[in-house]
Amino acid sequence: MKNTINRRNFLRNAALAGAAISAASAAKGKNMENSPKKGRAPGGAPIMEKRRTLGSGKAAMEVSAMGLGCMGMSANHGLPRDKRAMANLIAEAVDLGVDFFDTAEIYGPHTNEELVGEALAPYRDRVRIGSKFGLYYPGGKQVEDARPQTVRKAVEASLKRLKTDHIDIYYQHRIDNKVPIEEVAGTMRDLAAEGKIVHWGMSEPNAETIRRAHREFPVTAVENQYALTFRRHEEETFKVVEELGIGFVAYSPLDRGYLAGEMDANTRFDPETDMRASFPRLSPEAMGENRIFIDFLDEIGRKRRASCAQVALAWVLAQKPWIVPIPETTRRAHLLENLRAPDIEFSPEEMSEINARLSQMVPVGERYAPGSDAARSVYNLI
């Protein structure tokens with residue numbers, strides 16, 4: 001494999017800087033419960049100060065330009081990580097300028113909300129928490145349930161686990177075709193009136209569902225998968241959310257971690273603990289074929305002295321001003337790396353050239369196995 005500026009090489013080059021940051025923090029007796037600071041974090045780590053707005057009018061919510069996806073800390077990407085270490089990582093993200101954190105009741109289930117709630121309790125008045133309802137796996141089979149009684153039970157339990165009296169944005173995790181979206185929107189309106197949620201959104205809806213929901217109760221954000229290797233939502237979803245003034249939260253902006261550059265045909269996932277083992281796009285064959293994207297990111301990164309992950313995240317940010325990516329990580333070094341991505345900017349000419357190149361590159365492998373419950377619940381937008 002050629003000497004790409006992927007995470008492995010980037011982190012090796014940044015090791016001395018990271019050590020200096022840690023030493024400075026320890027010398028000053030800092031702990032992870034300090035309040036976020038303006039300017040720079042202890043030891044000189046850059047703080048992400050750029051911000052974006054999701055939604056419009058009364059549905060608007062301002063957040064950091066990038067959020068932090070927390071799922072993999074507790075579930076679905078291997079064994080759960082050490083809870084104290086992950087709480088410290090979340091707290092450090094706040095110190096570094098992140099104020100938008102993503103979780104869901106199904107992550108664990110429940111354990112990720114508990115982690116996020118405990119970690120963010122000291123900062124609750126200055127962060128935004130997003131959680132999700134309506135997706136369950138009884139007996140291992142995926143079921144969507146957005147009935148009002150189910151939603152009310154879910155929100156009360158999530159509030160307790162999150163140690164808070166409100167959820168800043170509450171998403172319908174997957175659309176339940178048995179419950180009209182207008183009824184779901186009405187439930188969200190009631191929960192907002194009661195102060196249990198502030199905003200609401202949906203994950204992986206189609207364009208018509210977004211329109212119907214927004215007419216009933218304004219939607220703040222749609223949370224869908226979006227990365228330079230998965231651009232399906234540009235065709236319809238982007239058009240409708242831009243028209244209606246709705247924000248877009250991009251989950252898996254590194255395509256399940258692949259675009260960080262460390263995975264290849266030799267990478268394996270544990271089918272018992274890692275959902276990625278079932279994804280066709282992350283099969284050994286597909287990952288080998290898709291190295292063309294890593295080579296392309298490396299080509300750009302070498303000119304910018306940036307890692308593949310940073311370029312991939314900067315690309316997402318550059319597409320629209322109302323997109324907020326929420327990359328996941330369980331490692332401090334990756335967090336520091338990711339948060340530098342908003343500082344990478346492309347000129348219109350550069351972006352036009354990059355997108356023209358990308359349009360000629362077709363990723364191998366679908367994101368969900370055809371015919372699976374996961375594929376069905378995203379309207380087969382695979």
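Along every chain, residues carry numbers that run from 1 in the direction the sequence is written. Where local features are concerned, this predicted model is filtered to residues with pLDDT of at least 70; where side-chain atom pairs are given and counted, the filter is 80 or more; whole-chain, interface and lining totals use all residues. Side-chain calculation: all heavy atoms of the structure are included, whereas hydrogens and water are not.

Caption draft 1: Looking closely at the packing of helix 11 (residues 308–319) against helix 13 (residues 348–358). Throughout, an axis means a line fitted to C-alpha atoms (over the contacting stretch in the case of helices), and angles, computed between N-to-C directions, take values from 0 to 180 degrees. For helices the rule is a DSSP run of H or I covering at least 4 residues; for strands it is a run of E covering at least 2, with both sets numbered from the N terminus onward. Helix 13 packs onto helix 11 with a crossing angle of 110 degrees between their chain directions and a minimal axis gap of 12 Å. It follows that helix 11 is roughly perpendicular to helix 13 by the angle criterion. In this structure, the crossing between helix 11 and helix 13 has a hand that is left-handed. Across the interface between the two elements, W315, A318 and Q319 from helix 11 touch M351, I354, N355 and L358 from helix 13. For this classification, the nonpolar set comprises Ala, Val, Leu, Ile, Met, Phe, Trp, Tyr, Cys and Pro, the charged set comprises Asp, Glu, Lys and Arg, and every other residue, Gly included, is treated as polar. Here the contact of helix 11 with helix 13 is built from residues that sort into five nonpolar, two polar and no charged. Throughout, the term roughly parallel applies to angles under 35 degrees, roughly antiparallel to angles over 145, roughly perpendicular to angles from 65 to 115, and oblique to all others. Each crossing gets its hand from how the near helix is turned against the far one by less than a right angle, where anticlockwise is left-handed and clockwise is right-handed. Two residues qualify as a contact provided that any one of their heavy atoms is within 4.5 Å of a heavy atom in the partner residue.

Caption draft 2: The sheet that holds strand 12 (residues 323–325), seen in detail. Two strands pair under a simple rule: DSSP has to find at least two bridges between them. Here we have eight strands laid out as an open sheet, ordered 3-4-5-8-9-10-11-12, and parallel in their pairing. Edge positions in the open sheet fall to strand 3 (68–69) and strand 12, since each of these has one partner strand only. Inspection of the sheet shows strand 3 paired to strand 4 (residues 100–102) by two bridges, in the parallel sense. Across the sheet, the residue bridging to L68 is F101, located in strand 4. Sheet contacts for helix 8 (residues 237–244): strand 10 (221–225), strand 11 (247–251) and strand 12; angle to strand 10, the most-contacted strand, approximately 165 degrees.

Caption draft 3: Here's a closer look at the pairing of strand 9 (residues 197–203). Relative accessibility under 20% of the residue-type maximum defines a buried residue, over 50% an exposed one, and the middle range a partly exposed one, all with a 1.4 Å probe and only protein chains included. Most of strand 9 sits out of view: six of its seven residues are buried. When the strands point away from the viewer and the path from the first strand over the helix to the second turns clockwise, the crossover is right-handed. Handedness of the crossover joining strand 8 (residues 167–172) and strand 9 through helix 6 (residues 181–193) is recorded here as right-handed. Pairing analysis gives three bridges linking strand 9 to strand 10, with the strands arranged parallel. The residue bridging M202 from the neighbouring strand is V222, located in strand 10. Between the parallel elements strand 9 and strand 10, the chain passes through helix 7 (residues 207–216) in a crossover that is right-handed.

Caption draft 4: Expanded view of the confidence of the model for the protein. pLDDT measures the predictor's confidence residue by residue and takes values from 0 up to 100. Mean pLDDT over the protein: 90, with 87% of residues reaching 70 or higher. When the elements of the protein are averaged for pLDDT, helix 2 (residues 15–27) gives the smallest value, 40, and strand 8 the largest, 99. Confidence drops under a pLDDT of 50 for residues 15–39, and excluding neighbours within four residues, the segment shows 32 contacts in the predicted structure.

Caption draft 5: Examining the side chain of R161 more closely. Counting through the fold element by element, R161 comes out in helix 5 (residues 148–161). Assessed through its relative accessible area of 13%, R161 is described here as buried.

Caption draft 6: Geometry of the packing of aromatic side chains. Put simply, two rings from Phe, Tyr or Trp (the six-membered ring, in Trp's case) pair if the centres are within 6.5 Å, and we call them stacked under 30 degrees between planes, edge-to-face over 60, tilted for the rest. Inspection of the entire model under this criterion finds seven aromatic pairs. Seen in terms of ring centroids, F133 and Y170 are 4.8 Å apart; in terms of plane orientation they differ by 40 degrees. Their pairing is tilted. Pair noted here: F133 is in strand 5 (residues 128–133) and Y170 is in strand 8, with a separation of 37 residues, a long-range link. Measuring from ring centre to ring centre gives 5.0 Å for F238 and F248, while their planes differ by 80 degrees; the resulting arrangement is edge-to-face.

Caption draft 7: Fine view of the side chain of Q319. Tracing the backbone through its elements, the reader meets Q319 in helix 11. What qualifies as a polar contact is a pair of N or O atoms within 3.5 Å, subject to a donor-acceptor requirement within protein and to the restriction that residues adjacent in sequence count only when both atoms come from side chains. At a separation of 2.8 Å, a polar atom in the side chain of Q319 contacts the main-chain carbonyl oxygen of W315. Among all residues touching Q319, those that are not within four sequence positions of it are Y226, E234, M351 and N355.

Caption draft 8: Representation of unusual backbone geometry. In this model, G108 is joined to P109 through a cis peptide bond whose omega is -5 degrees. Checked against the element boundaries, P109 lands in the loop between strand 4 and helix 4 (111–120). The backbone of E204 sits at a positive phi, close to 65 degrees, despite the residue not being glycine. Tracing the chain through its elements places E204 in the loop between strand 9 and helix 7. A relative accessible area of 1% places E204 in the buried class. The residue R256 is not glycine, and still its phi comes out positive at about 60 degrees. Along the chain, R256 falls in the loop between strand 11 and helix 9 (284–289).

Caption draft 9: Region of the structure containing the packing of helix 3 (residues 83–95) against helix 4. For the pair helix 3 and helix 4, interaxial distance at closest approach is 9 Å and the crossing angle is 55 degrees. One way to sum up the angle between helix 3 and helix 4 is to call them oblique. Crossing handedness for the pair helix 3 and helix 4: right-handed. Packed against helix 3, whose contacting residues are K83, M86, A87, I90 and V94, the element helix 4 presents L115, V116, E118, A119 and L120 at the interface. Across the contact of helix 3 with helix 4, the residue classes tally to eight nonpolar, no polar and two charged.

Caption draft 10: Layout of the environment of D255. Within the element layout of this structure, D255 appears in the loop between strand 11 and helix 9. Between the alpha carbons of D255 and T229 there is a distance of 7.0 Å; along the sequence they are 26 residues apart. Once residues within four sequence positions are removed from consideration, D255 is found in contact with Q225, A227, T229 and R281. Side-chain polar atoms of D255 contact the side chain of T229, separated by 2.5 Å. Among the polar contacts made by the side chain of D255, one reaches the side chain of R281 at a distance of 3.4 Å.

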